[in-house]
Amino acid sequence: MIDAINSVGAFSVMKEAEGTRLTSSSSSVFGAAAAAPAAPQSQSFASVLGDMATDAIGAMKKAEGASLDGIRGQANTREVVDAVMNAEQSLQTAIAIRDKVVTAYLEIARMQI
């Protein structure tokens, strides 16, 4: 089902061209930024969004696989629930970011030149 998603569009192209990666966990991203503020990273906004979209798709694929394994009896209930909850959290984060980007775009579009 989710395997039909082959690319994330222009974001995945930019991500592959830059060859950089962020973690999907917000606590590890903020923890790393707080621990090492001396070395600024030069990632574009598009590459960060692309990485987040790729990670969200990966979480959903993992949850789908865990669900199928659970149906087959190859995974216990806790593993399935953990994978599905992680995918749901990733999806909710992606939706919230999308909403903020759309709101910012609409606000910019309303500005008078």
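Placed above this text is the structure.
Below or above, wherever it landed, is the structure these notes cover. The shown structure was predicted, so the numbers you read here are calculated from the model rather than taken from an experiment. (Residues numbered from 1 in each chain as written. Predicted model: local features only at pLDDT ≥ 70, side-chain atom pairs only at ≥ 80, totals over all residues. Heavy atoms only, no water.)

**Thoughts on the overall build of the chain**
When helices and strands are tallied, the chain shows four helices and zero strands. For the chain, the α and β elements follow one another from N to C terminus as α-α-α-α. Contacts in the chain between residues at least 24 apart in sequence constitute 67% of all its contacts with a sequence separation of at least 6. (Helix = DSSP H or I, 4+ residues; strand = E, 2+ residues; numbered from the N terminus. Contact = heavy atoms within 4.5 Å.)

**Notes on helix 3 (residues 45-72)**
If you check helix 3, its first and last C-alpha atoms are 41 Å apart, about what 28 residues at 1.5 Å a residue would give, namely 40 Å. Taken residue by residue, helix 3 has A46, S47, L49, G50, D51, D55, A56, I57, A59, A63, E64 and A66 as its buried positions. Positive phi shows up at G73, right after helix 3, with a value of about 85°. (Expected span 1.5 Å × (residues − 1). Buried < 20%, exposed > 50% of the residue type's maximum accessible area, 1.4 Å probe, protein only.)

**Topic: the packing of helix 3 against helix 4 (residues 77-110)**
Two numbers describe how helix 3 lies on helix 4: the axes approach to 8 Å, and their chain directions differ by 150°. When the axis of helix 3 is compared with that of helix 4, the two are roughly antiparallel. Two packed elements cross with a definite hand, and for helix 3 against helix 4 that hand is left-handed. On helix 4, the residues touching L49, M52, A56, A59, M60, K62, A63, A66, S67 and G70 of helix 3 are E79, V80, A83, V84, A87, S90, L91, T93 and I97. Its residues assigned to classes, the contact of helix 3 with helix 4 comprises 13 nonpolar, four polar and two charged. (Axes fitted to C-alpha atoms, helices over the stretch in contact; angles between N-to-C directions. Parallel < 35°, antiparallel > 145°, perpendicular 65-115°, else oblique. Left-handed = near helix turned anticlockwise from the far one by under 90°. Nonpolar A, V, L, I, M, F, W, Y, C, P; charged D, E, K, R; others polar.)

**Observations concerning a nonpolar patch on the surface**
On the surface, V102, Y105 and L106 cluster together into a nonpolar patch covering about 310 Å² of accessible area. Looking at the secondary structure, you find L106 in helix 4. (Patch = residues over 30% accessible without salt bridge, like charges linked within 9 Å, V, L, I, M, F, W, Y side chains within 5 Å. Areas by Shrake-Rupley, 256 points an atom, 1.4 Å probe, with all protein chains shown as cover. Salt bridge = Lys/Arg side-chain N within 4 Å of Asp/Glu carboxyl O.)

**Observations regarding the environment of L91**
The residue L91 is located in helix 4 in this model. L91 gets classed as partly exposed once you look at its relative accessible area, which sits at 37%. Each C-alpha atom of the pair L91 and A59 lies 8.9 Å from the other, and the pair is 32 residues apart in sequence.

**Structural notes on the pattern of salt bridges**
Under the defined criterion, the tally for this structure stands at three salt bridges. We note a salt bridge from R72 to D69, for which the minimum N-O separation is 3.1 Å. Placement of both R72 and D69 in helix 3 is noted, with a separation of three residues, approximately one turn of the helix. Taking the relative accessible area as the measure of exposure, R72 reaches 54% and is therefore exposed. Residue R78 pairs with D82 through a salt bridge whose shortest N-O separation is 4.0 Å. Note that R78 and D82 are positioned in helix 4 at a spacing of four residues, about one turn of the helix. For R78, a relative accessible area of 63% corresponds to the exposed category.

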